[in-house]
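Take a look at the letters that make up each chain.
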Amino acid sequence: MSGSLGISANEDTIESVLSRNYRYTVPDYQRQYSWGEEQWRALWEDLQALEDGQTHFLGSVVVIERSEGLNELDRLEVVDGQQRLATILTMLSVMRQKYLDEGEQSQADAIRNDYLFEQDLDQREYQNLSLSRYDNDSFASILDCNFGQVEKENLSEALEFYGSRIHSLSVEETDTLRKELLSSITLVTIECTEEQSAFRLFETLNERGLELSSVDLMKNHVFSLAAQDDDVDYDDIRESWQRAVDNTVPNLNKPSRFFRHYLMSAPEPDFTDAVSDYKLYDIFQEIIEEVRSSSDITLESYLADIAEQSELYMRVVNSDIDQFDRSGNEAINQKLTHLHHVKSVQARTLLLRIFREFDNPNKAMEALGVLERFLIRWKVANYATGSQLDRIYSELCSTVFNESDPIEQMADYLREKYPSEEEFKAGIENKRVKLNNRTKYMLKRIEEVHYGGTIDRMDDYELEHIAPRSAYTATKHSAWVTTLDTTEETFEQHRDRLGNLTLLESDKNIRASNNPFESKKREYATSNVTMTTALAEDYEDWNLDSIQQRTSELAEVAVNIWSL
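The rules we used
In this convention, every chain numbers its residues from 1, walking through the sequence in written order. Local features are withheld for residues below a pLDDT of 70 in this predicted model, meaning they are given only at 70 or higher, and side-chain atom pairs are given and counted only at 80 or more; totals for whole chains, interfaces and linings count all residues. Each side-chain value is worked out from all heavy atoms of the structure, with water and hydrogens disregarded. Numbering of helices and strands runs from the N terminus; a helix is a DSSP stretch of H or I covering at least four residues, while a strand is a stretch of E covering at least two. Note that the radius of gyration is over C-alpha atoms, with the globule rule given as 2.2 Å times the number of residues to the power 0.38. When a residue's accessible area, from a 1.4 Å probe over protein chains only, is under 20% of the maximum for its type it is buried; when over 50% it is exposed; and in between it is partly exposed. Throughout, a residue-residue contact means that at least one pair of heavy atoms, one from each residue, lies within 4.5 Å. Using the Shrake-Rupley algorithm and a 1.4 Å probe, accessible areas are obtained, with residue cover drawn only from the displayed protein chains. Residues counted as positive are Lys and Arg, residues counted as negative are Asp and Glu, and His and the chain ends are not counted. Note on charges: their place is set at NZ of Lys, CZ of Arg, CG of Asp or CD of Glu. The set of buried Ala, Val, Leu, Ile, Met, Phe, Trp, Tyr and Cys residues whose side-chain atoms join them within 4.5 Å is what this entry labels a nonpolar core. Axis geometry follows a simple rule: fit a line to the C-alpha atoms, using only the stretch in contact for helices, then measure angles between N-to-C directions, giving values from 0 to 180 degrees. Whether a crossing is left-handed or right-handed is set by the direction in which the near helix is turned from the far one by less than a right angle, anticlockwise for left-handed and clockwise for right-handed. Any residue that is not Ala, Val, Leu, Ile, Met, Phe, Trp, Tyr, Cys, Pro, Asp, Glu, Lys or Arg is counted as polar, Gly included; the first ten are nonpolar and the last four charged. Pairs were defined over the aromatic rings of Phe, Tyr and Trp, the Trp ring being its six-membered one, requiring ring centres within 6.5 Å. Orientation was assigned from the angle between planes: stacked under 30 degrees, edge-to-face over 60, tilted for the rest. Only when the NZ atom of a Lys or the CZ atom of an Arg is both within 6 Å of the ring centre and within 35 degrees of the ring normal do we say a charge sits over the ring. The labels follow the angle: roughly parallel below 35 degrees, roughly antiparallel above 145, roughly perpendicular from 65 to 115, and oblique for the rest. Just to be clear on terms, a salt bridge is a Lys or Arg side-chain nitrogen sitting within 4 Å of an Asp or Glu carboxyl oxygen. Working rule for helices: expected span equals 1.5 Å times residues minus one. The directions considered for the arc run from the helix axis to the C-beta atoms. The pLDDT score gives, residue by residue, the confidence of the prediction method on a 0 to 100 scale. Should DSSP find at least two bridges between two strands, the strands are regarded as paired.

1. What to know about the overall build of the chain
Moving on, step 1. In terms of regular secondary structure, the chain is built from 26 helices and eleven strands.
Moving on, step 2. Against the 2.2 N^0.38 benchmark of 24 Å for 564 residues, the chain shows a C-alpha radius of gyration of 31 Å, more extended than a compact globule.
Moving on, step 3. For the C-alpha atoms alone, the extent of the chain along its principal axes is close to 90 × 65 × 40 Å.
Moving on, step 4. Looking at the chain as a whole, 54% of its 564 residues qualify as buried.
Moving on, step 5. Restricting to contacts in the chain with at least 6 residues of sequence separation, those with at least 24 account for 72%.
Moving on, step 6. Entry remark: accessible area of the chain is about 25,300 Å², with carbon and sulfur atoms responsible for 40%.
Moving on, step 7. Each charge sign in the chain was given a centre, from 59 positive and 106 negative side chains, and these centres are 6 Å apart.

Spelled out as structure tokens, the structure:
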């Protein structure tokens, strides 16, 4: 098939696809190798099910021809199909190792020279397929049969999947498998001479992302537009996107989060609603259309801003802000660490905008304080996360930063959204707290604000249960059962209340252990934590009433600390 759009398509066997006088390359902006057991197993079972004379169509590969210099091997840049090609070559590498193990050197050499590697006219050797920079070190080790050096998890697991199956085959069975893979499996190679045709095909063939992430589709959409618009600097677009990918993909479990948070945070074009993973691609398309029709912003400047903000985003994630003076950066990064303890992933939308807008560290710290007070209340009252929080942060970014006092406006806005005093107190008094860094941080702030103490390093302290969690199960100190004077079921409902917790130095926490309260008080009395020494001074014994009383007292303190 061919046409005026510069597209040709041919159905070929795997042997023909891998024997062309080209080398296949996957550009760095493509997603990493992502096939898993479901896809590996399907390919394996399709091979096993083939009968004599049958063929199996595996799918399509979309490529763009890239001519190289004199005597150099031309490239076919893979726009779609790298998963299939990489998996096939992995399987062939495993077969090659099988032949080597069995002493079948000629068969092993044939696989290597005919399918795994290609040579140019000067006998320089190239990988037949090179993956992106994120995967290619591991993939090169696969092609060289250096399987112990494969570090990428998906590629290593693909090796293990096919290796466990091929290892058990005889040489004859391996021969049969090799012939079926090379001669009975077919691919349609769709070759394009222009980027826009390749990207349009890529999007269509994948049926709006059934196999792809939203970020993959976003990239191909914007590249397609750039490729067909002579007024757009295509190389500039690619460079900016690559910067954003380099900053986020290797470092985030969900790179789409950055793009969602960016769209909600960016001042132009302004988007006031929540952006979910499901809607990310559609909303991105709408925003790109706004950019293209705007007289104030270009596609190049918009992508450049995405790249720049991706660097800031990772500084937020890593608590590594560096845009202020030394003392300002230290204070802000410590506050960011505390916000991470509170679980502030969705708040990165607002954090991006805060650090975009404020060049004064005191203003930034003031804004972070407002955010903390809102988040602590929201989390403790167990308000829903998800789209509701996203919408709040998106609306904040769209409204308050144009005001004369954005921090005051931020506080006013969040005051209308966050839990009331009664809801916040109820979240402390009637529920178990999570035994995590958020609770430890809350006790740290209570110590500093209410008791006037100082906690420099949270890692030096442990969450100490005053009445031990194992009060009814530990055999060493059964005195707690008498002291608490309640049922085990009732105690279980109260043992993780805030009032039964304090901060205690790690070594003292170990010594206090499950000891009776009188023994624990001796450790508490020597603590540097004022709230903990107060326990030794203020309580003769410790029972269910003590837990409830202290929980209510700490709830009142918390209301005053985390108030807008």
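2. Side note on the nonpolar core
Moving on, step 1. Trp241, Tyr302, Phe355, Phe374 and Tyr393 are the most contacted members of the largest nonpolar core, which totals 100 residues.
Moving on, step 2. Top contributing element to this core by residue count: helix H16 (residues 361–380), with ten residues.
Moving on, step 3. In this structure phenylalanine 374 touches Leu389, Ile392, Tyr393, Leu414, Lys417, Tyr418 and Leu564, once residues within four positions along its chain are discounted.
Moving on, step 4. One finds Leu18, Val26, Trp44 and Leu116 within the second-largest nonpolar core, a separate group that totals 51 residues.

3. A few points about the packing of helix H19 (residues 421–429) against helix H26 (residues 544–561)
Moving on, step 1. H26 packs onto H19 with a crossing angle of 140° between their chain directions and a minimal axis gap of 9 Å. The crossing of H19 and H26 is right-handed. Contacts from Glu421, Phe424, Lys425, Ile428 and Glu429 in H19 reach Thr551, Ser552, Ala555, Glu556, Ala558 and Val559 in H26.
Moving on, step 2. For the contact of H19 with H26, the per-class residue count stands at five nonpolar, two polar and four charged.

4. Structural notes on the packing of aromatic side chains
Moving on, step 1. This structure, assessed with the given rule, holds 17 aromatic pairs.
Moving on, step 2. Seen from their ring centres, tryptophan 40 and phenylalanine 161 are 5.9 Å apart, and the 45° between their planes marks the pair as tilted. Highlighted residues: tryptophan 40 in helix H2 (residues 37–49) and phenylalanine 161 in helix H6 (residues 153–166), separated in sequence by 121 residues. Like phenylalanine 161, tryptophan 40 is buried.
Moving on, step 3. An aromatic cluster of three or more residues is present, and its members are Phe223, Tyr234, Trp241, Phe258, Phe259, Tyr262, Tyr302 and Tyr313.
Moving on, step 4. Directly above the aromatic system of phenylalanine 161 lies the positively charged group of arginine 165, at a separation of 3.7 Å from the ring centroid.

5. Concerning the environment of tyrosine 524
Moving on, step 1. Its place among the elements puts tyrosine 524 in helix H24 (residues 517–525).
Moving on, step 2. Judged by its relative accessible area of 0%, tyrosine 524 falls in the buried class.
Moving on, step 3. Those residues in contact with tyrosine 524 that lie beyond four places of it in its chain are Glu464, His465, Ile466, Leu504, Phe517, Thr532, Thr533, Leu535 and Ala536.

6. Some thoughts on the packing of helix H3 (residues 82–101) against H6
Moving on, step 1. Interaxial distance between H3 and H6 falls to 9 Å at its minimum, and their mutual angle equals 45°. On the basis of their axis angle, the class for H3 and H6 is oblique. Remark: the crossing between H3 and H6 carries right-handed chirality. When H3 is examined against H6, the residues Thr87, Thr90, Met91, Val94, Met95 and Lys98 are found in contact with a partner set consisting of Ala158, Leu159, Tyr162, Gly163 and Ile166.
Moving on, step 2. Residue classes in the contact of H3 with H6 are distributed as seven nonpolar, three polar and one charged.

7. Re the pattern of salt bridges
Moving on, step 1. Taken as a whole, this structure holds 31 salt bridges when the rule is applied.
Moving on, step 2. Salt-bridge contacts for arginine 20 lead to glutamate 191; the nearest nitrogen and oxygen are separated by 2.9 Å. Pair noted here: arginine 20 is in the loop between helix H1 (14–18) and strand E3 (23–25) and glutamate 191 is in strand E9 (residues 185–192), with a separation of 171 residues, a long-range link.
Moving on, step 3. On the basis of relative accessible area, glutamate 191 is assigned to the buried category, the value being 15%.
Moving on, step 4. One network of salt bridges, with partners in common, ties together Arg66, Arg75 and Glu77.

8. Concerning unusual backbone geometry
Moving on, step 1. Here the amide bond leading from glutamate 268 into proline 269 is cis, since omega sits at -10°, within 30 degrees of zero.
Moving on, step 2. Within the secondary structure, proline 269 is located in the loop between helix H11 (256–265) and helix H12 (277–293).
Moving on, step 3. Phi is positive for cysteine 145, close to 60°, though the residue is something other than glycine.
Moving on, step 4. Tracing the backbone shows cysteine 145 in the loop between helix H5 (136–143) and H6.
Moving on, step 5. One non-glycine residue with positive phi stands out, namely aspartate 485, at about 55°.
Moving on, step 6. Considering the arrangement of structural elements, one finds aspartate 485 in the loop between helix H21 (479–484) and helix H22 (488–494).
Moving on, step 7. With a relative accessible area of 67%, aspartate 485 lands in the exposed category.

9. Focus: H2
Each turn of an α-helix holds 3.6 residues, which means side chains three or four residues apart point in the same direction.
Moving on, step 1. Here H2 spans 18 Å end to end across 13 residues, near enough to the 18 Å set by a 1.5 Å rise per residue.
Moving on, step 2. Taken residue by residue, H2 has Trp40, Leu43, Trp44 and Leu47 as its buried positions. Taken end-on, H2 shows its buried residues confined to a sector of 95°, consistent with a single buried face. Along H2, the residues that are exposed and aim more than 90 degrees away from the buried face are Glu38 and Ala49.
Moving on, step 3. Elements that come into contact with the buried residues of H2 comprise strand E4 (56–66), H3, H6, helix H7 (171–184) and E9.

10. Let's talk about the environment of phenylalanine 424
Moving on, step 1. Structurally, the position occupied by phenylalanine 424 is in helix H19.
Moving on, step 2. Measuring from C-alpha to C-alpha, the distance between phenylalanine 424 and tryptophan 378 comes to 8.0 Å, with 46 residues separating the pair along the chain.

11. Brief notes about the confidence of the model for the chain
Moving on, step 1. Across the chain, the average pLDDT comes to 91, with 94% of residues at 70 or higher.
Moving on, step 2. Here residues 207–211 scores under 50 on pLDDT; set against residues more than four positions off or in separate chains, the count is eight contacts.

12. Re the pairing of strand E5 (residues 75–80)
Regular strands place their side chains on alternate faces of the sheet.
Moving on, step 1. With respect to burial, E5 is a largely interior element, five of its six residues being buried.
Moving on, step 2. Note: E3 against E5, three bridges, orientation parallel. Counted as the bridge partner of threonine 25 is glutamate 77 from E5.

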